[in-house]
Amino acid sequence: MDLTLSRADYLQVGVTSQKTMKLLPASKQKATQKVVVGDQDGVVMCFGMKKGEAVPVFKTLPGQKISRLELGGVLNTPQEKIFLAAGSEIRGFTKRGKQFLSFETNLTESIKAMYISGSDLFLSASYIYNHYCDCKDQHYYLSGDKINDVICLPVERLSRMMPVLACQDRVLRVLQGSDVMYEIEVPGPPTVLALHNGDGGDSGEGLLFGTSDGKLGLIQITISKPIHKWEIRNDKKRGGILCIDSFDIMGDGVKDLLVGRDDGMVEVYSFENANEPVLRFDQMLSESITSLQGGCVGKDGYDEIVLATYSGWITGLTTEPTHKESGPGEELKLNQEMQNKISSLRSELEHLQFKVLQERENYQQSSQSSKAKSTVPSFSINDKFTLNKDDASYSLVLEVQTAIDNVLIQSDVPIDLLDVDKNSAVVSFSSCDTESNDNFLLATYRCQANTTRLELKIRSIEGQYGTLQAYVTPRIQPKTCQVRQYHIKPLSLHQRTHFIDHDRPMNTLTLIGQFSFAEVHSWVVFCLPEVPEKPPAGESATFYFQNTFLDTQLECVYRKGEGVFKSDNISTISILKDVLSKEATKRKINLNISYEINEVSVKHTLKLIHPKLEYQLLLAKKVQLIDALKELQVHEGNTNFLIPEYRCILEEADHLQEEYKKQPAHLERLYGMITDLFIDKFKFKGTNVKTKVPILLEILDSYDQNTLISFFDAA
């Protein structure tokens, strides 16, 4: 059974945050529902649809940015009370818009996530979790990393309270009171949590999670341990998951899984065999989906997926057919309806054009007045800079509430810009004077009309660190620009992991000196991505990392006065030694640095590089042959005379060339890593081997693994 949904845009509010739109319960089955939404201007709006028009129920005055909106009420009754989080305050409204609650939590940070169950309120700021019952503080927990979402398993079904925190360090923390019962490792940083089927599923313990790298999973949270039910990998390389809901949109009596992603993708998964979900529908919108819920809004009797986008559009994907089969009488009625709609749209357009002219005149007057303050228009940018494990590249996503005119990318470190299929912008590069002003990259992306979201891919080189800057100019008058900065760290291709292989040959770097725990932690934050800015609770910290390009690993264990770093890659240890001693010198701290080098680790790292290098050399060789083989094919008229290997190259020519184009400087990058490994191996012995590098490059050009290992041993 195929699912066909038609898009209907209802209205636009201000820029919205994640999980700030809900549908109020319907008064009777299949009746239309009201939509309530909160935006970053602090406005809460509730509206319903009547004859294709949005009719407001209530609208509040602007205020602090609304970061979350949830529905609540007495357990086992319709959840129709509206609760919202703005700053450190929780406000409550009835469905008619009357405010009945204003609760100042006195949290030092703004509320980022909220969940409501009866009279229990679960809140989290960046690192702090609080549980209130009837607005009285009950429990508190300080997390080691940022909390992205919070939820509680259904108390009415389990008769126990089990809140769950989704933390940035790829862990779900299950709490009991103020303590962690257990931790669940998930495959990516979790961004959103939802109860399976909306009520925890058959057991009441089912918990859905979505990650920032687009993975989706279901875990059963039992009292003693988690049971992983299923997990969907993000093979299509779609965006991170921002919202999840359960609703029977297929109409088969089984609730389907609705998913909204930050690249604008909406997905519907159905449970055909009740085990793993199957993708049944997807549709791409042009901006990130901040909230979504299944229900009935546009017309009674027709189910739909209602969603809110980043720029504030409230849109329905409805099962109502756009082209209805009708008799002659009905056709007249439909034509009349269409005429009425067109005339109302025309009058609305005229009104808007008049309003724009008025506002433009007001702006001109205010900007020319002697008392005029700066009248530069402000605009919101939603940005995300993340490391992709699959291809060891950084993804930079810039999303603006209005159309983007151009984006200028500037970097003071050498980086490669990679092709992105979704990107329709035209890129032009400017030449850089690296000697005088440290500019290694200047690139301008000119966007096509109505582009509000731009995605770039960047690959950095470990050991070279600095700042990447993005200058974003939208299509608004007068021209204005915002700058965003992103740090490229010394060990930029390392990603946090939960465990490492202790049987690998490891090199050790030990630092001893008069430094505090906070100081050594700040050095680790400076060197490595995905480390929380605040030092963890306790007197010592342990972090594990994996290099996404080479699969080598790093273990960091440090406390006040001592830091021990272990890696199976000498180059990682060498980078850490150089950067940490530089940072300590800046702060005038004397460091006693010692290291133990394991000779076997060099051969081990070369063996990890071998398959990648062999593949790239073979790919380059195949691409070089394509033109000659095509010429032969034209000359001979067919390919029957070619050996199977060459025929295969011709058949896959387009794919091979595309792959080769996607990996600029990949071979040079691998050559660079082997050269660094060679130099670092002898640097720790106190020998300078830079004069032998040309011989090493000759060996790499006619690559043989055993010859290379022998050269490393003999040099």
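Residues numbered from 1 in each chain as written. Predicted model: local features only at pLDDT ≥ 70, side-chain atom pairs only at ≥ 80, totals over all residues. Heavy atoms only, no water.

An unreviewed UniProt entry lists the protein chain under the name Bardet-Biedl syndrome 7 protein homolog, with Cricetulus griseus given as the organism. In its Subunit (unreviewed entry) section, the UniProt entry covering the protein chain states "Part of BBSome complex." According to the UniProt record, the Function (unreviewed entry) comment for the protein chain is "The BBSome complex is thought to function as a coat complex required for sorting of specific membrane proteins to the primary cilia. The BBSome complex is required for ciliogenesis but is dispensable for centriolar satellite function." (UniProt positions renumbered as here; feature names shortened; annotations may be inferred.)

Novice: Help me out: how do you make sense of the packing of helix H6 (residues 600-636) against helix H11 (residues 705-714) in this one?
Specialist: Helix-helix packing: each pair is described by the crossing angle between the helix axes and the interaxial distance. At a minimum axis separation of 11 Å, H6 and H11 run at an interaxial angle of 155 degrees. Considered as vectors, H6 and H11 are oriented roughly antiparallel to each other. Considering the relative orientation of H6 and H11, their crossing is right-handed. Of the residues in H11, those in contact with Val602, Lys603, Leu606, Lys607 and His610 of H6 are Gln705, Leu708, Ile709, Phe712 and Asp713. Each residue belonging to the contact of H6 with H11 can be placed in one class, and the counts come to 5 nonpolar, 2 polar and 3 charged. (Axes fitted to C-alpha atoms, helices over the stretch in contact; angles between N-to-C directions. Helix = DSSP H or I, 4+ residues; strand = E, 2+ residues; numbered from the N terminus. Parallel < 35°, antiparallel > 145°, perpendicular 65-115°, else oblique. Left-handed = near helix turned anticlockwise from the far one by under 90°. Contact = heavy atoms within 4.5 Å. Nonpolar A, V, L, I, M, F, W, Y, C, P; charged D, E, K, R; others polar.)

Novice: Explain the packing of aromatic side chains here, please?
Specialist: Remark: the centre distance and the inter-plane angle together describe each pair of aromatic rings, the angle taken between the planes. Scanning all chains against the criterion turns up 16 aromatic pairs. Measuring from ring centre to ring centre gives 6.2 Å for phenylalanine 58 and phenylalanine 93, while their planes differ by 20 degrees; the resulting arrangement is stacked. Residue phenylalanine 58 is found in strand E5 (residues 53-59), and its partner phenylalanine 93 is found in strand E8 (residues 89-93); the two are separated by 35 residues along the sequence. An identical accessibility class is assigned to phenylalanine 58 and phenylalanine 93; each is buried. If you follow lysine 81 out to its NZ or CZ, it ends over the ring of phenylalanine 100, 5.9 Å from the centre. (Phe/Tyr/Trp six-rings, centres within 6.5 Å; stacked < 30°, edge-to-face > 60°. Buried < 20%, exposed > 50% of the residue type's maximum accessible area, 1.4 Å probe, protein only. Lys NZ or Arg CZ within 6 Å of the ring centre and 35° of its normal.)

Novice: What should I look at first to understand the sheet that holds strand E2 (residues 21-23) in this one?
Specialist: Strand pairs in the sheet, formed through backbone hydrogen bonds, run parallel or antiparallel to each other. One open sheet holds the 4 strands; their spatial order is E2-E3-E4-E5, and the pairing between them is antiparallel. Each having just a single partner strand, E2 and E5 make up the two edges of the open sheet. Between one strand axis and the next, the sheet turns by 25 degrees as a mean value, whatever way the strands run. When E2 meets strand E3 (residues 35-38), the two strands line up antiparallel, connected through 3 bridges. (Pairing = 2+ DSSP bridges.)

Novice: Explain the nonpolar core to me, please; I cannot follow it from the model alone.
Specialist: Nonpolar side chains tend to gather and get buried jointly when the protein is soluble and globular. Counting residues in hydrophobic clusters, the biggest one holds 79 residues, and the most contacted among them are Val407, Ile409, Leu528, Phe565, Ile674, Leu708 and Phe712. Once residues within four sequence positions are removed from consideration, valine 407 is found in contact with Leu398, Ala443, Thr444, Tyr445, Leu454, Ala470, Tyr471 and Val472. Tyr129, Val150, Leu193 and Ile221 belong to the second largest nonpolar core, which has 29 residues in total. (Core = buried A, V, L, I, M, F, W, Y, C linked by side-chain atoms within 4.5 Å.)

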